Amino acid sequence: MDSPALFAEVILPFPINQVFSYAIPENLGLSVQPGKRVIVQFGARKLYTGLVRRTHSLSPEIKELKDILEVLDEAALVNELQMKFWEWMAGYYMCATGEVFKAALPAGLKLESESRILPNDDFNASEIKKEQLEALFYTIQNNPGLSIQELSKLSGKASLLSDIRKLIDYDAVFVEEKLRETLRIKKEKIISLANNILREEDLQNSLNKLATAPKQQQLLTEIISRSLDPEGNPRKTNIPLAEITANHSHASIKALADKELIEKSERSISSIDENVTETVMPAELNPAQVAAMDLIHSGFQEKDVILLHGVTSSGKTEIYIHLIQEMILQNKQVLYLLPEIALTSQIVNRLRRVFGDQVGIYHSRFSDGERVEVYRRTAGNAENRYKIILGVRSAIFLPFTNLGLIIVDEEHENTYKQFDPAPRYNARDSSMVLAALHGAKVLLGTATPCIETYANALSGKYGHVSLTQRYNKVLMPDIRISDIRDARKKKAMKSVFTPSLIDAIYETVAAGKQVILFQNRRGFSSYVMDETCGWIPKCKICDVSLTYHKFRNTLECHYCGYTRKVPQSCEECGSTRITNKGFGTELVEDDIALLFPGIRVARLDLDTSRTRNSYETILESFGKGEVDILVGTQMLSKGLDFENVALVGILDADQMLNFPDFRAFERSYQLMAQVSGRAGRKDKQGKVIIQTTDPGLALIHYVKANDYESMFRDQIAERQIFNYPPFVRMIRITLKHKEFAPLQIAANALADEMRIVFGKRVLGPQQPLVGRISNYYLLNILLKVEKKSSFEKARKLLSDIIRKTSNSDIFNSVRVLADVDPY
Ligand code: ADP
Ligand code: ZN
């Protein structure tokens, strides 16, 4: 037998690029293995969960090595491929492996002394089998929100981490994360017929046996009658316990459960159907889809990445489903990435219909316990393992063992990029590295490819498969341009609507069809201004004007959340001529209600979807036809599929284009093409009206003609002239400080150092559009590296410069962040 290693290199969740060495005490010996979590002390008293990177017996040159205190896992929680992936990510995105570790594991798996623990109030403490754990649970219940360190003090125990971990496994407690909207899944208790009595004769027998217990018999009869399928055969059906207890006693329920006639369980309440027992075959593909499948198959013989470029509603999702099925037959896992949580329930339901409970879902709105569960079942043993993971960007960190395919749906979406904190990774780009580690393939799907992606498809770096027709010969929408300036001149505008949009809304709703109105700005007005002196209320700690929210009657900062009351009069001159400027979704919703009394209107934006289910609730009621007009921001653009939408109105096409960003043109095209794609499904051509003050804009004509190619050619020419991706790769350095003067000195010093090495490739320092956020002034330095130079070398050089420069005194408390491939 091997003798145990003496030392371990441990990854700790710090932004320092270093592994930390610890000694392995004799009693832990062989249990310390790479990929397992351990508890170690760092600093004077603090305990952290770290991850063993490797073990060895060569004494590190550090005198007093601390011991590893505890090993948390029986088997490796993180596999070798994952650790390699983390190391690649840290290198590419210029951050520490510890930061990737922190992002990669769900909070429930990486407790720290400072983690704050909250009780799950729906949890029944009697489910805990161990007294000592139960006591800890009550302590947490009585002191919600204490940190683990504080709980240790209170309970007089040195190390509580492993006990708390057990409580998390029970779903008894969860970890509070400051920056997250933690909303736990509500659970409901359900009952159903037990599996072993589902045959009709068994049911009859069981009923007969209950002749002496009429109440139980009555109850069973009700449960059976609620479990019949349309043909009258009994099948397993979940019935909410609450509906049963209204008419039946708990004693009868318990009695039936004890006799193993019914089963009790729990399910989360959401629009996702968790309990698909019967699955259907994937739909048969039409000739265009079959041809695309063939091209994908042959393409993957040569290329690792294929762009599936199919117009909206061309049936891309059906193709994904067929590819997933092929993977499952080969016993491989599939990762299906989506840009947005809002989209998951529509897709989940489509996947669950075919793949049943082989689909796991991973996103941030699930509780810690649930995310831990999905994490574990992605690895897991073969029967119980998830074959398909449907998730948002962080799902690339799951412990896949046998990945065959990664699908990146709506690959052009900017939500694949993480802005803050580090790692500032792009899940689409990273997925290619993840796939390479597994020998897997990547399929990028979209109707409106990102410019860089399309350039790669044209150059042959990626395979390129197109679908140019909508499924079932549904026509592309008829897109009209409506001139706002002209309507204003004729004084024909009603609120923010041109007469042609008003007429079209009227006709559509009268015909029993639905309307989507798109305005990419939330709130009521963009800002308010005093007409007398021009005063505009601004955020106290950011350099932006505040947005008026009528419903809450507040002015709000969309960068930091600062909120104040709407002033009655100007705070500069006292005048009361305060008026609204610009408009957002809230005004659109309000004015539609005024203009069309009796019409049912709803709104989908960040403000209305803050709570866990309301995304889904809003979309569901729209899907059911309970709403005539849905007003919303870009959330509407993301691949939602509604059959009855006949009209899409884009209220302000100019506003999107006026954004000072090299991607503004591309993004406006994508947004408009995507929202337009919501119009017209099965039977009839949809209609789109784009309102603009400049009907001559080339971009709008590209959207109208569904002419991605021309948009691309325009844009790629411009990118070449002005040196933007894909002709260069960019790294944006952001410096932050509470005072501007020292910030500027530091930024200039860094830019000077960078210019010594990189010369003209360095731009700035420059103030970003919003020069101060949450009390911190910001300055950016941009590095552009031409395609033919080594990007890896550039990143290394830059890291060295930053490290060297930021050690000097002038950088005292100036923060420096690097964003590679900024979006
Ligand atoms: P996309 O992902 O390109 O937007 P979808 O896969 O959502 O397109 O297809 C659009 C619509 O057409 C959906 O309602 C889908 O169910 C239907 N559809 C696509 N392909 C098929 C098929 N082969 N058989 C039946 N229905 C299909
Ligand atoms: Zn602010």
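These numbers were taken from a predicted model, which means no experiment stands behind them.

Cut-offs and rules
- Residues numbered from 1 in each chain as written.
- Chains lettered and ligands numbered in written order.
- Predicted model: local features only at pLDDT ≥ 70, side-chain atom pairs only at ≥ 80, totals over all residues.
- Heavy atoms only, no water.
- Pairing = 2+ DSSP bridges.
- Helix = DSSP H or I, 4+ residues; strand = E, 2+ residues; numbered from the N terminus.
- Axes fitted to C-alpha atoms, helices over the stretch in contact; angles between N-to-C directions.
- Contact = heavy atoms within 4.5 Å.
- Phe/Tyr/Trp six-rings, centres within 6.5 Å; stacked < 30°, edge-to-face > 60°.
- Buried < 20%, exposed > 50% of the residue type's maximum accessible area, 1.4 Å probe, protein only.
- Lys NZ or Arg CZ within 6 Å of the ring centre and 35° of its normal.
- Near = heavy atom within 4 Å.
- Polar contact = N/O pair within 3.5 Å; in protein donor to acceptor, adjacent residues only side chain to side chain.
- Areas by Shrake-Rupley, 256 points an atom, 1.4 Å probe, with all protein chains shown as cover.
- Nonpolar A, V, L, I, M, F, W, Y, C, P; charged D, E, K, R; others polar.

Quick word on the sheet that holds strand β25 (residues 601–604)
And step 1. One open sheet accounts for six strands, arranged β18-β28-β27-β19-β26-β25; its pairing is parallel. Edge strands, defined here as strands with exactly one partner in the open sheet, are β18 (478–483) and β25. Taken over all neighbouring pairs, the strand axes of this sheet differ in orientation by 20 degrees on average, direction set aside.
And step 2. As paired strands, β18 and strand β28 (residues 687–692) are joined by six bridges and run parallel to one another. Note on β28: the bridge partner recorded for serine 482 is glutamine 691.
And step 3. Helix-sheet contacts for helix α18 (residues 585–595) involve β19 (514–518), β25 and β26 (629–632), and the interaxial angle to β25 is about 175 degrees.
And step 4. Strands in contact with helix α21 (residues 664–676) are β18, β19, β27 (645–650) and β28; relative to β27, the strand with the most contacts, it is inclined by about 155 degrees.

What to know about the packing of aromatic side chains
And step 1. Enumeration over the complete set of coordinates arrives at 22 aromatic pairs.
And step 2. Each ring, one from tryptophan 88 and one from tyrosine 92, has its centre 5.4 Å from the other, and the planes form 20 degrees; the classification is stacked. Highlighted residues: tryptophan 88 and tyrosine 92, both in helix α1 (residues 80–92), separated by four residues, approximately one helical turn.
And step 3. Exposure remark for tyrosine 92: the relative accessible area of 11% places this residue in the buried category.
And step 4. With a centroid separation of 6.3 Å and an interplanar angle of 25 degrees, the aromatic rings of tyrosine 708 and phenylalanine 712 are classed as stacked. With tyrosine 708 and phenylalanine 712 both in helix α23 (residues 708–721) and four residues apart, the pair spans about one turn of that helix.
And step 5. Judged by its relative accessible area of 5%, tyrosine 708 is buried.
And step 6. Note on phenylalanine 712: relative accessible area 6%, which makes it buried.
And step 7. Above the ring of tyrosine 386, the side-chain terminus of arginine 377 is found at 4.1 Å from the ring centroid.

Description of the site of ligand 1
And step 1. Near ligand 1 there are 14 residues, and of these Glu284, Ser313, Thr317, Arg350 and Tyr471 occur at the shortest range.
And step 2. Glutamate 318 is positioned such that a nitrogen or oxygen atom in its backbone is 3.4 Å from an oxygen atom of ligand 1.
And step 3. Arginine 350 is positioned with one of its side-chain polar atoms (N or O) 2.8 Å from an oxygen atom of ligand 1.
And step 4. Protein coverage of the free-state accessible area of ligand 1, which is 550 Å², stands at 80%.
And step 5. Per element, the largest residue contribution to the shell around ligand 1 is three residues, and it comes from helix α11 (residues 316–329).
And step 6. Split into classes, the residues belonging to the shell around ligand 1 amount to four nonpolar, five polar and five charged.

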